[in-house]
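Okay, here's what each chain looks like letter by letter:
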Amino acid sequence: MRTPADISVMMNAAEKAAKRVIRDFGELENLQVSRKGPADFVSAADIRTEKILFEELRKARPSYGFMGEEGNAADASQGSDARFIVDPIDGTTNFLHGIPHFCISIGLEKNGVIESGVILDPIKNEAYWAANGQGAFCNNRRLRVSGRIDMKEALLVTGIPFAGHGNADQFLTSLRAFIPEIAGVRRTGSAALDMAYVAAGRFDAYWEQPIKPWDIAAGIILVREAGGKVSAMDGSEDMLTQGSILATNFALYEAFFTILKSTHKRAA
Ligand code: LIP
């Protein structure tokens, strides 16, 4: 099967940017011990990476719009309805601390619907991609969500609030309700890789709120094309504007959604 042209454009841009990200990550080792720490260096790396992606994607698809985490933006040209939604380094805090778990995530939205996406993990050399009706892949391996149907066997991954981000009480109320019902919980620090791992069947479910469009845009099409179900926390498909996400397989969806719906009511 031929790789769709837009996927090749996004993968080429991600691979070009990844060369610089890997170099920057290598330099970080020396900065961990400096008093100032690597914070400014990582912000510069984020900005530099997004600039590479912006230039490459606009060169290949000049009529497509662009929305990037670091502020690069462009409207779609007259008559085009396409927009790249880009996180240059998803898992920035991991990157900052020298933890080798982060990725480049590029989603492509057409007519307001995520149609394809690429997630590149440059450390583990895992290139995920999916396109509407074409399936989801990691390198050349086809992806399917997990087949687990019993919540007691399910491994949940999530994001944990931190200083100035998220509602700790809300999160802890939901987590407390999940813990006796599931096999375990993980927090990896990269939403895009969390969703890629749901698509690969490594995690059985992923839930996070708040979450930004660029964190989840590519993951949405990956999970859907791997046979999974994705919704916002209210059960709608309004994930990007609501800033919330639940991604799992169809067998487990209702059980996870019911707990989130009840605990969000309780905590409110
Ligand atoms: C991060 C997400 C993570 C979330 C963090 C942050 P960033 O994206 O991948 O899941 O919990 O708050 O949004 O900032 O590394 O691109």
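Everything quoted here is computed from the prediction, not taken from an experiment.

1. Comments concerning the packing of aromatic side chains
Evaluated as defined, the whole model comprises eleven aromatic pairs. For the ring pair Phe 54 and Phe 66, a centre distance of 4.9 Å and an interplane angle of 90° mean the geometry is edge-to-face. Taken as a pair, Phe 54 in helix α2 (residues 39-60) and Phe 66 in strand β1 (residues 65-68) lie far apart in primary sequence, twelve residues in all. Using a relative accessible area of 2% as the deciding quantity, one classes Phe 66 as buried.

2. Details of the side chain of Thr 158
Mapped onto the elements of the fold, Thr 158 is located in strand β9 (residues 155-158). Its relative accessible area of 1% is what places Thr 158 among the buried residues. A polar side-chain atom of Thr 158 sits 2.7 Å from the main-chain carbonyl oxygen of Trp 207. Apart from residues no more than four positions distant in its own chain, Thr 158 is found in contact with Phe 171, Val 185, Arg 186, Arg 187, Thr 188, Asp 194, Tyr 206, Trp 207 and Glu 208.

3. Remarks on the environment of Glu 208
Positionally, Glu 208 belongs in strand β11 (residues 205-208). Once the C-alpha coordinates of Glu 208 and Thr 158 are considered, the two residues, 50 residues apart in sequence, prove to be 5.5 Å apart.

4. Structural notes on the sheet that holds strand β10 (residues 184-186)
The strand order β10-β9-β11-β13-β12 describes an open sheet built from five strands, whose pairing is mixed. Two strands in the sheet have a free side with no partner beyond their single neighbour: β10 and β12 (228-231). Looking at each pair of strands side by side, their axes are set apart by 20° on average, direction ignored. In this structure, β12 lies alongside strand β13 (residues 245-249), joined through four bridges in antiparallel fashion.

5. A closer look at the site of the ligand
Lining the immediate environment of the ligand, one finds 14 residues, of which Gly 91, Thr 92, Arg 187, Ala 191 and Glu 208 sit closest. Separating an oxygen atom of the ligand from a side-chain N or O atom of Asp 90 is a distance of 2.8 Å. In this structure, an oxygen atom belonging to the ligand sits 2.7 Å away from a main-chain N or O atom of Ala 191. Here the ligand, which alone exposes 370 Å², has 87% of that area covered by the protein. When residues of the shell around the ligand are assigned to their parent elements, the largest contribution, three residues, is made by strand β3 (residues 82-90). Grouping the constituent residues of the shell around the ligand by class yields three nonpolar, five polar and six charged.

6. Topic: the sheet that holds strand β8 (residues 141-142)
A sheet is described by the order of its strands in space; here eight strands give the open sequence β2-β1-β3-β4-β5-β6-β7-β8, paired in mixed fashion. Every other strand in the sheet has two partners, leaving β2 (73-74) and β8 as the edge strands with one partner each. Of the strand pairs in this sheet, strand β6 (residues 126-131) and strand β7 (residues 135-138) are connected by four bridges, and their pairing is antiparallel. Across the sheet, residue Ala 130 finds its bridge partner in β7, namely Ala 136. Contacts between helix α1 (residues 5-31) and the sheet are confined to β3, β4 (103-110), β5 (113-121) and β6, with β5 contributing the most and set at about 30° to the helix. Set on the sheet, α2 makes contact with β1, β2, β3 and β4; between it and β3 the angle comes to about 150°.

7. Section: the pairing of β5
A large share of β5 lies buried, amounting to seven of its nine residues. Bridge count between β4 and β5: seven bridges; the pairing is antiparallel. Pairing of Ser 105 across the sheet is with Ile 119, part of β5. The loop that links β4 with its antiparallel partner β5 comprises two residues; one of these, Asn 111, has a positive phi angle of about 55°.

8. Remarks on the nonpolar core
Core analysis: the largest hydrophobic core is formed by 38 residues, its most contacted members being Ile 119, Tyr 128, Leu 143, Leu 222 and Ile 245. Of all the secondary-structure elements, those providing two or more residues to this core are β5, β6, β7, β9, α5 (191-199), α6 (213-225) and β13. Non-local contacts of Tyr 128, meaning those with residues more than four positions away in its chain, are made with Met 11, Gly 117, Val 118, Ile 119, Phe 137, Cys 138, Leu 143, Leu 193, Ala 196, Tyr 197, Arg 202 and Leu 222. Listed in part, the 36 residues of the second largest apolar core include Val 9, Ala 17, Phe 25 and Leu 108.

Scoring rules and cut-offs
- Residues numbered from 1 in each chain as written.
- Predicted model: local features only at pLDDT ≥ 70, side-chain atom pairs only at ≥ 80, totals over all residues.
- Heavy atoms only, no water.
- Phe/Tyr/Trp six-rings, centres within 6.5 Å; stacked < 30°, edge-to-face > 60°.
- Helix = DSSP H or I, 4+ residues; strand = E, 2+ residues; numbered from the N terminus.
- Buried < 20%, exposed > 50% of the residue type's maximum accessible area, 1.4 Å probe, protein only.
- Polar contact = N/O pair within 3.5 Å; in protein donor to acceptor, adjacent residues only side chain to side chain.
- Contact = heavy atoms within 4.5 Å.
- Pairing = 2+ DSSP bridges.
- Axes fitted to C-alpha atoms, helices over the stretch in contact; angles between N-to-C directions.
- Near = heavy atom within 4 Å.
- Areas by Shrake-Rupley, 256 points an atom, 1.4 Å probe, with all protein chains shown as cover.
- Nonpolar A, V, L, I, M, F, W, Y, C, P; charged D, E, K, R; others polar.
- Core = buried A, V, L, I, M, F, W, Y, C linked by side-chain atoms within 4.5 Å.

Geometry only, nothing functional implied.
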